[in-house]
Amino acid sequence: MSLTVALTAIPASAVYVPPSKAATLVTANPADNTPHAQNGSMRAFAQIGTTVYAGGSFTGVKAAGATAWSTASNLIAYDIGTGALKTGFKPVLDGAVQTLAVSPDGKLIVGGSFGTVNGVARKNLVELDPATGATITSWAGRADGGVVRRAIVHGNHLYIAGAFHWVNGTEHSLLARLDATTGAIDSTFQVDASGARPYPDSTELVWGLAVAPNGNTVVAVGNFTKVNGAARNQVVMIDTSGTPAVANWNTDRYVPACASTAFPFYARDVDFADDGSYFVIVADGGDGDGYCDSTARWETADRGTDVKATWVDFTGSDSVTSLEVADGVVYIGGHFRWQNNTNGDDSAGAGAVGRYGIAALDQQNGVPLAWNPGRSPGSQLPTGGTSWGPIMWEMWKGPSGLFIGQDSDGLGNEYHGRLGYFPSSGGRTIAVQDAPQAASGFLYLGAGDGKVKKVSYAASGIGTASTVNQPQLTGAKAAFALSNKVYWAKTDSSAASGSVLNVSTLASGTLSAPWVGSGYNSWFTAASMTGAFFLQGRMYYTTSSSNSLFYRYLTPDGSVVGCTAFTLPTTGIDWRTVRGMTWVAGKLVYGSTDGSLRKVTFDPAAATAVAGASATVVAPKTTATNWNNPTLFFATS
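Predicted model, so just to flag it, every value in this text is computed and none were measured.

Draft legend 1. Quick look at the overall build of the protein chain. Helix and strand counts for the protein chain come out as 1 helix and 61 strands. Taken against the 2.2 N^0.38 rule, which gives 26 Å for 637 residues, the C-alpha radius of gyration of the protein chain at 27 Å falls within 12% of a compact globule. Principal-axis analysis of the C-alpha atoms places the extent of the protein chain at approximately 90 × 55 × 40 Å. For the protein chain, the residues scored as buried account for 57% of the 637 residues in total. At a minimum sequence separation of 6, the contacts of the protein chain that also span at least 24 residues come to 54%.

Right under this line is the structure:
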């Protein structure tokens, strides 16, 4: 796709720009000793000490490497280190386990769609002895009608959500809070969701639930339209800092219908970041005008009746059904084939990044990171196995890794029956990578193939240019610095778009041999940019044909360019005349067709990001230096 085509219907800039943060990924190689479930699905996990509890809807289980299945239904326990099944743990539940939590006194809380536990009537909520699976009969909690889909312990609060209307004999619609130690109802929490969306086979329920780490905010998602009488469609924020109440937070992004005959609701899961500053919602739904088949980040502090997402990543009409936000990474799972695919519709559009059912996204912008295990068994699928199912039910970050519960039998091109585990060991840390933050350094200006002019630069002014050989920099167009690397565009007739976005390391002022940043960028006509710079997860750029300052998301981990172009609100600059630009300590420093170098304050979060009337000339055109070249970047060496 040409750059011109890709810039149609450009969305306005979001105001908030998330800060750059380090992140830590789990390994992409799933553990080999995790046991297998024979059928059905795995839907919930908890861990007490070295024992993992896994719940769902299944009838058989076996240890890794075993040949014979053992009868086991709905809930098992195994050792995290060895994978050995805990044969002394023998609860009997007559229905599916949907959620697991650990009480403050170390017991196992189980929610789901069951009517008896260990042969005794107990609807949908129970506490078990973690060693034997015996019922803790003194624990009072029970959901008297309707499935318990989520249970979360925070302090001594137990939040539950599902399709129930009564808890402990008291009326609570879809949401409730209990004393986690005793199971007694918390009468101060009376927040009731109701009113299924008006589509076929639509039933009111809360499907996903998250509690902020500080306990002051709860977000619930599911099939409802009102909460305590207030209009809240599929998503509600609850203020729990005092007496629980519906917060002044609402969005219209989950109001429109998607493919409503198949998906009466589509907000499927929600989770907070470790610091509670934001939360993420994932959705299925098919085609539609809302956030169908998407992942979206929302800032916890935002309030209002029309809150906007910080970013949204679309799959191109494939479902996202589960997520986990942990260690600066947004992990998502589902029945998708691509991410970064706003331009696709059941196909790979311009910018699509192949991710088969599981992905890790950059928290700053939603672009896929270079973590790609895939939800496939490869060649290891046994007879009777399921290679690809519609739902990933659960992603849960335990003390030392990421657990996966699903309805199929593959992860990382290996057989993993319905559950898997990606240990933290063997993962990697992604350091903060951004534009150089120093207030002084050097400007590099293109000066023909294999050469640049190097000029010292500071707020007080610039020095005298000297010509420096850069033999690797040939045919360069727009360029920008990112950490210790320089990204630079180049015309390339062999590329699908006719150009590539190269990357070179910059060490002691010398550029290395380049490599193509990402094969997923082949659609992007990088050589059409007349200037570019990177800042906080965004690549800002100009073109000779449009009087706008554009940006696209870009993740340094994998160098993938975002599929959507945005514009910033600016005044006073004809961006068609810009030739080369860079960012230095809060200033946009740019060359132009008149040969002069200028600077102006740059604030991407302001109502006017650039006010051109305040621009000042840093250096005029001279016979020695003409600031009319798209290759312009700032570095500290």
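Draft legend 2. Broad picture of the side chain of Q363. Structurally, Q363 is set in the loop between β34 (358-362) and β35 (392-398). With residues up to four places along the chain from it excluded, the contact list for Q363 reads P19, K21, Y278, R297, W311, G328 and V330.

Draft legend 3. The arrangement of unusual backbone geometry in detail. Positive phi outside glycine occurs at N74, with the angle close to 75°. Within the secondary structure, N74 is located in the loop between β6 (70-71) and β7 (75-79). Even without being glycine, D346 reaches a positive phi, approximately 60°. The topology assignment puts D346 in the loop between β32 (338-339) and β33 (353-354). D346 gets classed as partly exposed once you look at its relative accessible area, which sits at 49%.

Draft legend 4. Just the pattern of salt bridges, in detail. All chains considered together, the criterion is met by 17 salt bridges. Residue K397 pairs with D327 through a salt bridge whose shortest N-O separation is 3.3 Å. Within this pair, whereas K397 is found in strand β35, its partner D327 is found in the loop between β30 (319-326) and β31 (329-335), the two being separated by 70 residues in sequence. On the basis of relative accessible area, D327 is assigned to the partly exposed category, the value being 31%. R576 is the salt-bridge partner of D574, the closest N and O atoms lying 2.9 Å from each other. Since its relative accessible area comes to 38%, R576 is described here as partly exposed. Among the charged side chains, a salt-bridge network with shared partners connects R150, D269 and E394.

Draft legend 5. Main features of the sheet that holds strand β14 (residues 148-154). The sheet built from 3 strands is open, its strands ordered β14-β15-β18 with antiparallel pairing. Looking at the sheet topology across the chains shown, the edges are occupied by β14 and β18 (175-179). Sheet twist, expressed as the mean angle between neighbouring strand axes with direction ignored, is 20°. One ladder, built from 6 bridges, connects β14 with strand β15 (residues 157-162); its direction is antiparallel. Across the sheet, residue I152 finds its bridge partner in β15, namely Y159.

Draft legend 6. Here's a closer look at the side chain of T300. With respect to the helices and strands, the residue T300 is situated in the loop between β28 (294-299) and β29 (311-314). Here the side chain of T300 touches G276 through a polar contact of 2.8 Å, landing on its backbone oxygen.

What counts and what doesn't
- Residues numbered from 1 in each chain as written.
- Predicted model: local features only at pLDDT ≥ 70, side-chain atom pairs only at ≥ 80, totals over all residues.
- Heavy atoms only, no water.
- Helix = DSSP H or I, 4+ residues; strand = E, 2+ residues; numbered from the N terminus.
- Rg over C-alpha atoms; globule rule 2.2 N^0.38 Å.
- Buried < 20%, exposed > 50% of the residue type's maximum accessible area, 1.4 Å probe, protein only.
- Contact = heavy atoms within 4.5 Å.
- Salt bridge = Lys/Arg side-chain N within 4 Å of Asp/Glu carboxyl O.
- Pairing = 2+ DSSP bridges.
- Axes fitted to C-alpha atoms, helices over the stretch in contact; angles between N-to-C directions.
- Polar contact = N/O pair within 3.5 Å; in protein donor to acceptor, adjacent residues only side chain to side chain.

Fair warning: the whole summary comes from geometry, so function is off the table for now.
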